[in-house]
Amino acid sequence: MGGDEENYYGKHGTPQKYDPTFKGPIHDRGCTDIICCILLLTAIIGYVIVGVVAWTHGDPRKVIYPTDSRGQFCGQLGTPNEDKPFLFYFNIMKCASPLVLLEFQCPTKQICVSKCPERYLTYLNVRTQPKDFEYYKQFCVPGFNNQQKSITEVLRDGDCPAMITPSKPLARRCLPAINTKKGIIMVGNKTTFDDGRGQLRNVTELVEGAKKANVVLEARQLAMKIFEDYTVSWYWIIIGLVIAMVISLIFIVLLRFLAGIMIWIMIVLVILVLGYGIFHCYMEYARLKGEAGSDVSLKDLGFQTDLRVYLHLKQTWLAFMIILCIVEVIIILLLIFLRKRILIAIALIKEASRAVGYIMTSLVFPLCTFFLVCLCIAYWASTAVFLSTSNEAVYKVFNESICDYAGQTCIPETFNMTNITKQCPDARCLFAFYGGETAYHKYLIVFQIYNAFMFFWLANFVIALGQVTLAGAFASYYWAFKKPEDMPAFPLFSSFGRALRYHTGSLAFGSLILAIVQIIRVLLEYLDHRLKAAENKFAKFLLTCLKCCFWCLEKFIKFLNRNAYIMIAIYGTNFCTSAKNAFFLLMRNIIRVAVLDKVTDFLLFLGKLLIVGSVGILAFFFFTQRIKLVQDTAPPLNYYWVPILTVIVGSYLIAHGFFSVYAMCVDTLFLCFLEDLERNDGSSEKPYFMSSDLKKLLNKTNKSHSDA
């Protein structure tokens, strides 16, 4: 046995020896991983330069305003198009061309107009009707004079559209006002129309053009409805999030004094909440029996933007009920088989509650981390928008007939003086898209990848800084033999100062490794999206395997980094040494890690689940107007799931913010607990630093001189 134990410890490092001078986080330490610190500072300087260049060249108006054939914005203040907010297509049917999907622009002239056409007219008819022509003229190019050209020349030069149809603005673009009666598609109560060139066309051709005119119009319409829901429900969402914050705070405070009771109450309440969810799903399922249309399957219904439709199907509630039953059974089985370990986990959570109680500023510290992460997100998002809009207007030759010059770039000011108009009389030099041929424009994709990479690196660095700070504060609590007398005056601020002064490089190293894995995962997701239409099954299989492997690698690195940061906070060693020592310490106590640490994570997860579930149920009953006392108070909504999901996600983030302090505290105390067992034996010379509750559960005691 002795040889086996020696061989085991040889594989996983040497256990810590007793050190009478060790009293917690070491104060006499030096700077670690300086090269990574310099690399981070250099990368940040480069990131700032990329941001400045993007802000110099970028123009977010390209996202907000539609652009006419001259590259001018519709509806922008201070321009000739200030009173013309809508984009009008001369021939919407040309938008059905595959060219739209390749170059994101219809091969037809587009102008900015003050309002969309409300009547059906053709240029041939209005030419002899002065009153109609005055109305029609607003949809011709600015400055058009019908006295100088014949009808043929006007249509050939694209001065006026051959026809206009009743249209409605959608995402600031005039699209045909299509309606259906008894399954028949019509525009202006007609199924056919004159295209203005003497041909009778079917309305379905307008429909196809409208569909391709902007591939994201339907998504934008959905986004507008969601935005409307937020405008009428934002204050109720804030109230819901405040309720979640109050419940989380009360829960944390109660854990400080009644950890054991609160954990058991939490377990019972989670089981009851899930039980009520199962009962509610069953009642809804039973109520829908016999109702017309409730037997339609989810597969037959397909995707619907209005999620309320799904709540009228029996299959939806049956699926919810089965999922909740599975979760309920899993939780009950885990509680039965892990009941003994739960007692130790509760003792560890009690110890964490005492530590948080002595260091109350730790509950506020996640707000600092949250603020810094928000800054990273804001900088990344603004830089991404400016980079994506920093292209220049590119004009290309568009034509209806076959032409050798089609698709080539052109200059609108000099186009009519080139040979292209002679060889291709119907060719037009129109705005195609935003791009560019300079070195800056060629490397835009590289800048976008760098922007995303730096976001991951800085966000991970901020999170790592928060973890090291909390770990150092809680470690100073554990290794104080007399609590709180032996603790430093300001443990959190002392730990924060040590982390920034000595270990910026180590934090940069750990967050860099994680950022590399995350950016690879993003690139794999992009490749997967591009290969969706491909028929190569091997490539899809290989990509799926790579995505799975890198997902697992990211989870492992996060786990290793977290424990390495705890070691950095305590011993002040560099990242690699800390990661190795933490990993070997955990491997030497693999049974305790696999069971005890994960049980505490499970219990803390139940706490989050209870808070999110309670607030989520309350939000569901309020926004669906099922609470009679406040039935008239709930705002009218397009999709009531919008505020409900927002409250649920927000509640989870709030609960996670509070419980993340506990989770870091538990992880730190757990590593300190394992080291305590290796360093000390409970004798008067080597007393344990753990609490009396943990000693009792582990049958460990500090021996007196007489016992020795």
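Residues numbered from 1 in each chain as written. Predicted model: local features only at pLDDT ≥ 70, side-chain atom pairs only at ≥ 80, totals over all residues. Heavy atoms only, no water.

Asker: Would you mind going over the overall build of the protein in detail, with residue names and values included?
Answerer: Within the protein, the regular secondary structure consists of 23 helices and 12 strands. Taken over 708 residues, the protein has a buried fraction of 45%. A separation threshold of at least 6 residues defines the contact pool for the protein, and within that pool the share at least 24 residues apart is 72%. When the accessible surface of the protein is summed, it comes to about 37,100 Å², and 65% of that surface belongs to carbon and sulfur atoms. (Helix = DSSP H or I, 4+ residues; strand = E, 2+ residues; numbered from the N terminus. Buried < 20%, exposed > 50% of the residue type's maximum accessible area, 1.4 Å probe, protein only. Contact = heavy atoms within 4.5 Å. Areas by Shrake-Rupley, 256 points an atom, 1.4 Å probe, with all protein chains shown as cover.)

Asker: Please set out helix 2 (residues 34–57) residue by residue, giving values where relevant.
Answerer: Since the α-helix packs 3.6 residues into each turn, any two residues three or four apart lie on the same face. The end-to-end C-alpha distance of helix 2, which contains 24 residues, comes to 35 Å, matching closely the 34 Å that a straight helix rising 1.5 Å per residue would cover. Within helix 2, burial applies to Cys36, Leu40, Ala43, Gly46, Tyr47, Val50, Gly51 and Ala54. Buried residues along helix 2 sit against helix 13 (365–388), helix 15 (439–442), helix 16 (444–478) and helix 18 (504–530). (Expected span 1.5 Å × (residues − 1).)

Asker: With reference to specific residues and values, describe the packing of aromatic side chains.
Answerer: By the definition in use, this model includes 27 aromatic pairs. Ring centres of tyrosine 47 and tyrosine 450 lie 6.2 Å apart, and the angle between their planes is 85°; on these two criteria the pair is classed as edge-to-face. Here tyrosine 47 is found in helix 2, whereas its partner tyrosine 450 is found in helix 16, with 403 residues between them in sequence. Using a relative accessible area of 4% as the deciding quantity, one classes tyrosine 47 as buried. Summarising the aromatic geometry, the rings of tryptophan 55 and phenylalanine 386 are spaced 6.5 Å apart at their centres and angled 75° between planes, so their arrangement reads as edge-to-face. Remark: phenylalanine 386 occurs in helix 13 and tryptophan 55 occurs in helix 2; sequence separation between them is 331 residues. (Phe/Tyr/Trp six-rings, centres within 6.5 Å; stacked < 30°, edge-to-face > 60°.)

Asker: Outline unusual backbone geometry, listing residues and values.
Answerer: At aspartate 33, a residue that is not glycine, the phi angle is positive and equals roughly 50°. Within the element layout of this structure, aspartate 33 appears in the loop between helix 1 (2–11) and helix 2.

Asker: Before we move on, could you go through the environment of valine 141 and cite the residues and values that matter?
Answerer: Looking at the element boundaries, valine 141 is found in the loop between helix 6 (130–137) and helix 7 (151–157). Sequence separation of valine 141 and proline 161 is 20 residues, and the distance between their C-alpha atoms is 9.2 Å. Beyond its immediate sequence surroundings of up to four residues, valine 141 is in contact with Phe90, Lys109, Ile111, Gly158 and Asp159.

Asker: Before we move on, can you summarise the state of the cysteines with the specific residues and values?
Answerer: Under the definition given, this model contains three disulfides. Between the sulfur of cysteine 116 and that of cysteine 174 lies a disulfide, 2.1 Å long from S to S. Measuring handedness by torsion sign, the sulfur bridge of cysteine 116 and cysteine 174 sits at about -85° and is left-handed. With cysteine 116 in the loop between strand 2 (110–113) and strand 3 (121–122) and cysteine 174 in strand 6 (residues 173–176), the pair connects residues that are 58 residues apart, well separated along the chain. Judged by relative accessible area, which is 6%, cysteine 116 ranks as buried. A residue is classified by how much of its surface remains accessible, and cysteine 174, at 4% relative accessible area, is buried. Between cysteine 37, a cysteine without a disulfide, and cysteine 31, which holds the nearest cysteine sulfur, the sulfur-to-sulfur distance is 7.9 Å. In this structure cysteine 672 is not part of a disulfide, and its nearest cysteine sulfur, from cysteine 665, lies 9.5 Å away. In this structure cysteine 672 comes out as buried when scored by relative accessible area, which is 0%. (Disulfide = S-S within 2.5 Å.)

Asker: Please provide a residue-by-residue account of the pattern of salt bridges, values included.
Answerer: In total, this model carries 10 salt bridges according to the counting rule given. With a closest N to O distance of 3.0 Å, lysine 547 and aspartate 528 form a salt bridge. You can see lysine 547 sitting in helix 19 (residues 537–571) and its partner aspartate 528 sitting in helix 18, a full 19 residues away along the chain. What makes lysine 547 partly exposed here is its relative accessible area of 23%. A salt bridge links glutamate 675 to arginine 679, with the nearest nitrogen and oxygen atoms 3.4 Å apart. Here arginine 679 and glutamate 675 lie together in helix 22 (residues 641–679), a separation of four residues that amounts to about one turn. (Salt bridge = Lys/Arg side-chain N within 4 Å of Asp/Glu carboxyl O.)

Asker: So what's going on with the pairing of strand 2? Residues and values would help.
Answerer: The alternating pattern of strand 2 places Gln110 and Cys112 and Ile111 and Val113 on opposite faces, both of which are buried. Bridge count for strand 1 (residues 86–89) against strand 2 is four bridges, and the pairing is antiparallel. Within strand 2, the residue paired with phenylalanine 88 across the bridge is isoleucine 111. (Pairing = 2+ DSSP bridges.)

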